[in-house]
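# Observations on the model geometry
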Amino acid sequence: MTDPQRPTTNAMRRALRRARDGVALDVAEAAVLLQARGDDLTDLTASAARVRDAGLDAAGRPGVITYSRKVFIPLTRLCRDTCHYCTFVTVPGKLRKAGHGMFLSPDEVLDIARKGAEMGCKEALFTLGDRPEDRWPEAREWLEAEGYDDTLAYVRAMAIRVLEETGLLPHLNPGVMTWTDLQRLKPVAPSMGMMLETTATRLWSEKGGPHHGSPDKEPAVRLRVLEDAGRSNVPFTTGILIGIGESYEERADSLFELRRTARAYHGIQEVIVQNFRAKPDTAMRGMPDAELEELAAAIAVARHILGPSARIQAPPNLVDAEYALLIGAGIDDWGGVSPLTPDHVNPERPWPHIDELASRTAESGFQLRERLTIYPEFIQRGEPWLDPRLLPHVRALADPETGLAKEGAIPAGLPWQEPDAGFDATGRTDLHRTIDTEGRTADRRDDFDEVYGDWEALREAAAPGMVPSRIDADVRQALSQAADDPTKLTDDQALALLHADGPALDELCRIADTLRRDVVGDDVTYIVTRNINFTNVCYTGCRFCAFAQRRTDADAYTLSLDQVADRAAQAWDVGAVEVCMQGGIHPDLPGTAYFDIARAVKERVPGMHVHAFSPMEVVNGATRTGMSIRDWLTAAKDAGLDSIPGTAAEILDDEVRWILTKGKLPTATWLEVVRTAHETGLRSSSTMMYGHVDQPRHWLGHFRTLARLQQETGGFTEFVTLPFIHTNAPVYLAGIARPGPTDRDNRAVTAMARLLLHPHITNIQTSWVKLGAEGAAEMLRSGANDLGGTLMEETISRMAGSSYGSYRSIQDLVAIADLAGRPARPRTTLYGEVPDERVTSAAASDGHLPELLPVLPQ
């Protein structure tokens, strides 16, 4: 600890009074309280215990302290990091000398798990080093020889084996994970974890610090993991490690960061407060242990900062039997205790016997109860916190009333498989038609206050990004450069033009329209297509989306495969050349469902172009199946997929992205999916949704990102402007987003799309669904050359509150082009010529669609 100066008596007295009175503490006050000792510590822990007790009362288990009966599975002791206090990690030579493999074999994993199940354990704690294959060739070679792409692929495989062959519930501690890693592992583990340890960056960045030379111990990286876990609805365990050289202020800051993340995403299921214990044969063997009074103070301050609903744990094997001290400080959980395996991270500290732990807990007036690795609150929340494939395993061991471990339950292996529901048609399957006649049942889904995260925290996070930028560039000079050579526009000039208004905006649109004429001519293109949204059940938590519903909501639906194929066949009969298919991230649909959908359409209508599955759906399919993105896209292509929509982009800037959505894929992953699709021969559109919590600087970054990717792959067919429809959008109903873009915004975005994407993306599409006929015609005069599709049905924008219907006939689209003074012609998805037979069929059926399709009253 680097704080030699003790707080003054007045500072301590004031901080203790504020804690007693339940007043919110700041970092400085928390740092003072972390130094409470003697009578001051007694005062502090008494108020913390009252907060804890109130939380247990609210949770319905007053006077209960929990623990998890577990086995410890040290899958590998290799790691790419070099933490200076760690005895768990070793090197390949020592493993070989001891006769061990680089990883535990499947037989070794299952042997531990089976023995644990026989002893009544219910948790299999997988502990391992971070990505050892990045540092150790021996780890890479072992994984390759066993057929695994990386360590996490082996973790996933072993978690499934443990579920199926023993019934133990995996809790995964594989270290730092990306957003995509979390999606891969969520279906195989009810909970995961990673200690934050500290936010003290200097302990990582400065030579000699305990985390120096360890890339995975950078605090910003670890905080990102906690946020991604919350976004992904993963019940997550984390905590702090005290006494490794951090200051009291830094320790307090770590707790406040945990509170911030817990508040924003409600995903932290427990916080461990762990005391440093020096170990021989480590660089920090001479460092003094964190004293138990210091640990008690840290627990009490954590309780005050994190509040009554937090679950706070202290490992019972590290507290020298001072159980009463830590219970009095405010813990409500002892963590995992194993009757079989040692604590491989602290091997010199044996677990207490469970009977002894129960007895010592009872001495402090509490009952010890067993829980599962996933806390009761998350079991009771259900979707989306617990994957359907894990429900049978959890239900077999959980008390249905309390969510704690079922008394006397013995784990037994159960199949890990997709839910049976699959493609049963359910719910309001006529929504595609009745959305135009009856509308939606309510303006928001029933779980509005939970599924999107904490609205107040979101409001605070959104505020800085919505501040307009100062514009210093000369608009006249920027207009001159745009007319002369738009590829040479600087960022400052482009930003000035994105803010243009009045005569400058008129001139900007004229320049863009002239460039459009020079590049693609005067023809306005359109496509005869049908949208098929096969389900709207989704728990991703996109805050702009009014389409997604819970499975129990009145407007929720899922189509059967026959219904999807029927709609595609009907579209073909009336001249369509494409179906565009997207849906919600339904927890019951397997990762192979997308293959079934594409195959169903191709089998019914072989000549139909299947334009389907957003990058979010691609990631969902890949992670559910355990396939790489490339392999999944290749399999989808083999099943009949012809191209993908470049939706789910919103704004390709995570500053905005994490306001708009709780759990959708980050920018880097969107780019990875689209790049990989292009490399496998699947072309895509590109999109931008704007007019919500964004600013022109975000639009500029989005355009630059798309242009760079197009220069790399050449795979984009067009750019589609998507004005934000605010009416029923949750982020607008919560008072955070503005009410969509203005007419000025729409004109500026369309014109600048033409200029900034030139010459890489030559087709700029405007949306009649979102702008109506007059608005779309105005965009055709501002640089756009494409009207998109006839659609035949459209539920996403209509559920959001768009008033422009779900269908436009060919004559309607030709009329919009006429408003802009331009001719119109049909196109294919890839902007090719439409076969004469299709043109004739479409013309013959125009305005006379089958009854199933929604036709707006004239």
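Residues numbered from 1 in each chain as written. Predicted model: local features only at pLDDT ≥ 70, side-chain atom pairs only at ≥ 80, totals over all residues. Heavy atoms only, no water.

Time to look at the overall build of the protein. Along the protein, the regular secondary structure elements total 35 helices and 21 strands. Contacts spanning at least 24 positions in sequence make up 78% of the contacts within the protein whose residues lie at least 6 apart. (Helix = DSSP H or I, 4+ residues; strand = E, 2+ residues; numbered from the N terminus. Contact = heavy atoms within 4.5 Å.)

With respect to the element layout, His171 can be found in strand β3 (residues 169-173). Of the residues examined, His171 reaches a relative accessible area of 4% and is grouped as buried. Among the polar contacts made by the side chain of His171, one reaches the side chain of Thr373 at a distance of 3.2 Å. The contact partners of His171, leaving out residues within four places of it in the chain, are Glu123, Ala124, Leu125, Phe126, Ser191, Met192, Gly193, Thr237, Gln269 and Thr373. (Buried < 20%, exposed > 50% of the residue type's maximum accessible area, 1.4 Å probe, protein only. Polar contact = N/O pair within 3.5 Å; in protein donor to acceptor, adjacent residues only side chain to side chain.)

Taken residue by residue, a regular strand's side chains alternate between the two faces of the sheet. Across the two faces of strand β15 (residues 609-612) the burial is the same, with His609 and His611 and Val610 and Ala612 all buried. Where strand β14 (residues 578-582) and β15 come together, four bridges link them in parallel fashion. Note that in β15 the partner of Cys580 across the bridge is His611. Once the chain exits β14 it traverses helix α24 (residues 593-604) before rejoining the sheet at β15, and the crossover so formed is right-handed. (Pairing = 2+ DSSP bridges. Right-handed = clockwise from strand over helix to strand, strands pointing away.)

Moving on to the packing of helix α11 (residues 248-265) against helix α12 (residues 292-306). Relative orientation and spacing of two packed helices are given, respectively, by the angle between their axes and the distance between those axes. Following both chains from N to C, one finds α11 and α12 inclined at 35°, their axes separated by 10 Å at the closest point. Between α11 and α12 lies a crossing of right-handed hand. For the pair α11 and α12, the contacting residues are Tyr248, Arg251, Leu255, Phe256, Leu258 and Arg259 in the first and Glu294, Ala298, Val301, Ala302, Ile305 and Leu306 in the second. Split by residue class, the contact of α11 with α12 holds nine nonpolar, no polar and three charged. (Axes fitted to C-alpha atoms, helices over the stretch in contact; angles between N-to-C directions. Left-handed = near helix turned anticlockwise from the far one by under 90°. Nonpolar A, V, L, I, M, F, W, Y, C, P; charged D, E, K, R; others polar.)

Okay, the nonpolar core next. Judged by nonpolar contacts, the single largest core of 128 residues is most densely connected at Met581, Trp670, Phe703 and Met752. The contacts of Met752, once residues within four sequence positions are left out, are Leu489, Ala494, Leu497, Leu498, Leu508, Phe703 and Leu757. (Core = buried A, V, L, I, M, F, W, Y, C linked by side-chain atoms within 4.5 Å.)

Here the focus is the packing of aromatic side chains. Taken as a whole, this structure holds 14 aromatic pairs when the rule is applied. Between the aromatic rings of Tyr148 and Tyr154, the centroid separation amounts to 4.9 Å while the plane-to-plane angle is 55°, which identifies the pairing as tilted. Residue class for Tyr154 comes out buried when judged on its relative accessible area of 0%. Ring geometry for Tyr594 versus Trp632: centroids 5.6 Å apart, planes at 75°, classification edge-to-face. (Phe/Tyr/Trp six-rings, centres within 6.5 Å; stacked < 30°, edge-to-face > 60°.)

Let us now look at the pattern of salt bridges. Per the stated rule, a full pass over the model turns up 59 salt bridges. Notably, a salt bridge pairs Arg389 with Asp387, separated by 2.9 Å at the nearest N-O pair. The burial state of Arg389 is the same as that of Asp387; both residues are buried. What emerges from the salt-bridge pattern is a single network uniting Arg224, Glu227, Asp228, Arg231, Glu257 and Arg260. (Salt bridge = Lys/Arg side-chain N within 4 Å of Asp/Glu carboxyl O.)

Attention now moves to the packing of α24 against helix α26 (residues 629-639). α26 packs onto α24 with a crossing angle of 20° between their chain directions and a minimal axis gap of 8 Å. Of the possible angle classes, the one that applies to α24 and α26 is roughly parallel. The crossing of α24 and α26 is right-handed. Here Tyr594, Phe595, Ala598, Arg599 and Lys602 of α24 come into contact with α26, specifically with Trp632, Ala635, Ala636 and Ala639. (Parallel < 35°, antiparallel > 145°, perpendicular 65-115°, else oblique.)

The next subject is helix α31 (residues 743-756). When the terminal C-alpha atoms of α31 are compared, their 20 Å separation across 14 residues agrees well with the 20 Å that a helix rising 1.5 Å per residue should span. Counted residue by residue, α31 has 13 buried out of 14 residues, so it is predominantly covered. (Expected span 1.5 Å × (residues − 1).)

Attention now moves to helix α3 (residues 38-59). Structural remark: α-helix, 3.6 residues per turn; residues separated by three or four positions point the same way. For α3, with 22 residues, the first-to-last C-alpha span of 31 Å sits near the 32 Å given by 1.5 Å per residue. Residues of α3 that are buried: Leu41, Leu44, Thr45, Ser47, Ala48, Ala49, Arg52, Gly55 and Leu56. The elements touched by buried residues of α3 are α1 (9-20), α2 (27-33), β1 (64-76), α12 and α13 (323-329). Phi for Gly60, located one or two positions after α3, is positive at around 85°.

Turning to the environment of Pro92, a few remarks are in order. Structurally, Pro92 is set in helix α4 (residues 92-97). The exposure class assigned to Pro92 is buried, which follows from its relative accessible area of 2%. Setting aside chain neighbours within four positions, we find Pro92 in contact with Leu78, Met102, Trp136 and Glu138.

This part takes up the confidence of the model for the protein. Summary statistics for the protein give a mean pLDDT of 90 and a share of 89% for residues scoring 70 or more. Taken as a whole, residues 796-805 scores under 50 in pLDDT and shows 41 contacts with residues more than four places along the chain or in a different chain. Low pLDDT (under 50) marks residues 852-858, which in the prediction has 22 contacts with non-local residues, meaning those over four places away or in another chain. (pLDDT = per-residue confidence, 0-100.)

Let's shift gears to the pairing of strand β5 (residues 236-242). Counting buried residues in β5 gives seven out of seven residues, a clear majority hidden from the surface. With burial as the criterion, each face of β5 is covered, one bearing Phe236, Thr238, Ile240 and Ile242 and the other bearing Thr237, Gly239 and Leu241. Bridge count for strand β4 (residues 191-193) against β5 is two bridges, and the pairing is parallel. In the sheet register, Met192 faces β5, and the bridge partner there is Phe236.

The residue after Glu383, namely Pro384, is reached through a cis peptide bond having omega 5°. Mapped onto the elements of the fold, Pro384 is located in the loop between α15 (376-381) and α16 (391-397). Backbone torsion omega between His758 and Pro759 reads 0°, so that peptide bond is classified as cis. Within the fold, Pro759 resides in the loop between α31 and β19 (764-765). Even without glycine at this site, Glu197 takes up a positive phi of about 70°. Tracing the backbone through its elements, the reader meets Glu197 in the loop between β4 and α9 (202-205). The backbone of Ala648 sits at a positive phi, close to 65°, despite the residue not being glycine.

Relative to the elements of secondary structure, Leu78 occurs in the loop between β1 and α4. Overall, the relative accessible area of 0% leaves Leu78 in the buried class. Separated by 51 residues in sequence, Leu78 and Gly129 place their C-alpha atoms 5.4 Å apart. If near-sequence neighbours (up to four positions away) are discounted, Leu78 is found in contact with Thr90, Val91, Pro92, Leu95, Met102, Gly129, Asp130, Pro132, Trp136 and Ala139.

Relative to the helices and strands, Arg744 is located in helix α31. For Arg744, the residues in contact, after removing those within four places along its chain, are Leu498, His499, Ala500, Asp501, Leu505 and Trp699. There is a polar contact of 2.9 Å between the side chain of Arg744 and the side chain of Asp745.

Let us look at the side chain of Thr261. Along the chain, Thr261 turns up in helix α11. Judged by relative accessible area, which is 2%, Thr261 ranks as buried. In contact with Thr261, other than residues within four places in its own chain, are Leu226, Glu227, His266 and Ile268.

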